[in-house]
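So the chains spell out like this:
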Amino acid sequence: MSRSIKNIFFGFVIIFLIVQMIQPVRNIDYGQVPSSDISKVYQVPGNVQSILRTSCYDCHSNGTNYPVYAYIQPLSFFLENHIKEGKKELNFSEWGLYSQRKQTHKLEAIENQIKQRKMPLSSYLYLHHDAKLSDDKIKEVVDWIESIHTEDK
Ligand code: HEC
């Protein structure tokens, strides 16, 4: 390797290492289920709760289960951004703070998103195979959402 290529290489290594020091405040709830969690607002059957926790809670709750790569920049940055944007749209931990109208609207949005396979985000599924929703799982969530709608009427 010529000297200048070596210098450029080490320059990148040093920048990479320095950037690692920039770490965001983590979205962690230490296993606490707040009283505003969706599971405290409705009867959420165990299978549905487990699907939501595995496939959605990382971006749509106050408790992300961080994978190892989440501590490496710039991945950490992208992840934290997804969590921020995801929570703004929908936060299962704060469901009880939503108005009735917003809850109804969000339930419809969840049904639409998963039926169209827009959620979980495909970039996330790439690293989280267990979060992928099978047809059966989609049906289980959709059936549950529809059972809530009929309760309302
Ligand atoms: C990797 C992070 C991530 C995961 C996992 C994830 N989402 Fe999202 N979700 C987002 C982001 C970011 C947005 C906002 C931007 C967008 O719509 O793409 C969003 C938007 C949404 C919206 C739109 C809200 C609205 O009112 O239009 C719904 C509904 C939703 N997600 C449901 C789900 C459900 C249900 C799951 C689990 C099956 C899930 N998401 C999993 C990141 C995620």
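- An unreviewed UniProt entry annotates the protein chain as Haem-binding domain-containing protein originating from Chryseobacterium jejuense.

### What to know about the UniProt feature "domain: Haem-binding" (unreviewed entry) in the protein chain
Inference 1: UniProt tags residues 13-149 as "domain: Haem-binding" (unreviewed entry).
Inference 2: From the first C-alpha to the last, residues 13-149 spans 55 Å; its make-up is 52% helix and 0% strand.

### Comments concerning the coordination of the iron atom of the ligand
Inference 1: Surrounding the iron atom of the ligand are the protein donor atoms H60 (NE2) and M119 (SD), which sit 2.0 to 2.3 Å from the metal.
Inference 2: Each of the 6 donor atoms bound to the iron atom of the ligand contributes to angles spanning 85 to 177 degrees, and the resulting shape is octahedral. On the criterion of sequence distance, the pair formed by H60 in the loop between helix 3 (46-55) and helix 4 (75-89) and M119 in the loop between helix 5 (100-115) and helix 6 (122-125) is long-range, its members being 59 residues apart.

### Thoughts on a nonpolar patch on the surface
Inference 1: Together, F9, F10, V13, F16, L17, I72 and L75 give the surface a local cluster of nonpolar side chains, amounting to about 620 Å² of exposed area.
Inference 2: For the nonpolar patch, the leading source of residues is helix 1 (residues 3-19), giving 5 residues.

### Describing the nonpolar core
Inference 1: Counting residues in each nonpolar core, the largest one holds 22 residues, and the members touching the most others are I38, Y42, L52, F92, W95 and W144.
Inference 2: Looking at this core, the elements that each hand over two or more residues are helix 3, helix 5 and helix 7 (135-152).
Inference 3: In contact with W95, not counting residues within four places along its chain, are S36, D37, I38, V41, Y42, L90, Q103, K106, L107 and I110.
Inference 4: If you look at the next biggest cluster of nonpolar residues, it comprises 5 residues, including Y66, Y69, A70 and L79.

Parameters at a glance
Counting restarts for each chain: residues are numbered from 1 in the order of the written sequence. With the structure being a predicted model, the display of local features is reserved for residues of pLDDT at least 70 and the display and counting of side-chain atom pairs for 80 or more, all residues being used for whole-chain, interface and lining totals. No hydrogens and no water enter the side-chain calculation; it runs on all heavy atoms of the structure. UniProt positions are given in the numbering used here, feature names are shortened, and annotations may be inferred rather than shown by experiment. Only DSSP runs of H or I reaching four residues or more are called helices, and only runs of E reaching two or more are called strands; each is numbered from the N terminus. Sodium, potassium and calcium take a 3.2 Å donor cutoff, other metals 2.8 Å, and in both cases only N, O and S atoms count; water is not among them, so sites may look incomplete. The geometry test gives tetrahedral to four donors whose angles all lie between 85 and 135 degrees, gives square planar to four donors and octahedral to six donors whose opposite members are over 155 degrees apart with all other angles between 65 and 115, and gives irregular to the rest. For patch building, the residue pool is restricted to those with more than 30% relative accessible area and no salt bridge; the joining distance is 9 Å between like charges and 5 Å between nonpolar side chains (Val, Leu, Ile, Met, Phe, Trp, Tyr). Residue-level accessible areas treat just the shown protein chains as cover; the underlying method is Shrake-Rupley with a 1.4 Å probe. A pair is scored as a salt bridge if a Lys or Arg side-chain nitrogen falls within 4 Å of a carboxyl oxygen belonging to Asp or Glu. For our purposes a nonpolar core is just a set of buried Ala, Val, Leu, Ile, Met, Phe, Trp, Tyr and Cys residues, chained together by side-chain atoms within 4.5 Å. Buried means the residue's accessible area, taken with a 1.4 Å probe over protein chains only, is under 20% of the maximum for its type, while exposed means over 50%, and partly exposed covers the values in between. Contacts: residue pairs with any heavy atoms within 4.5 Å of one another.

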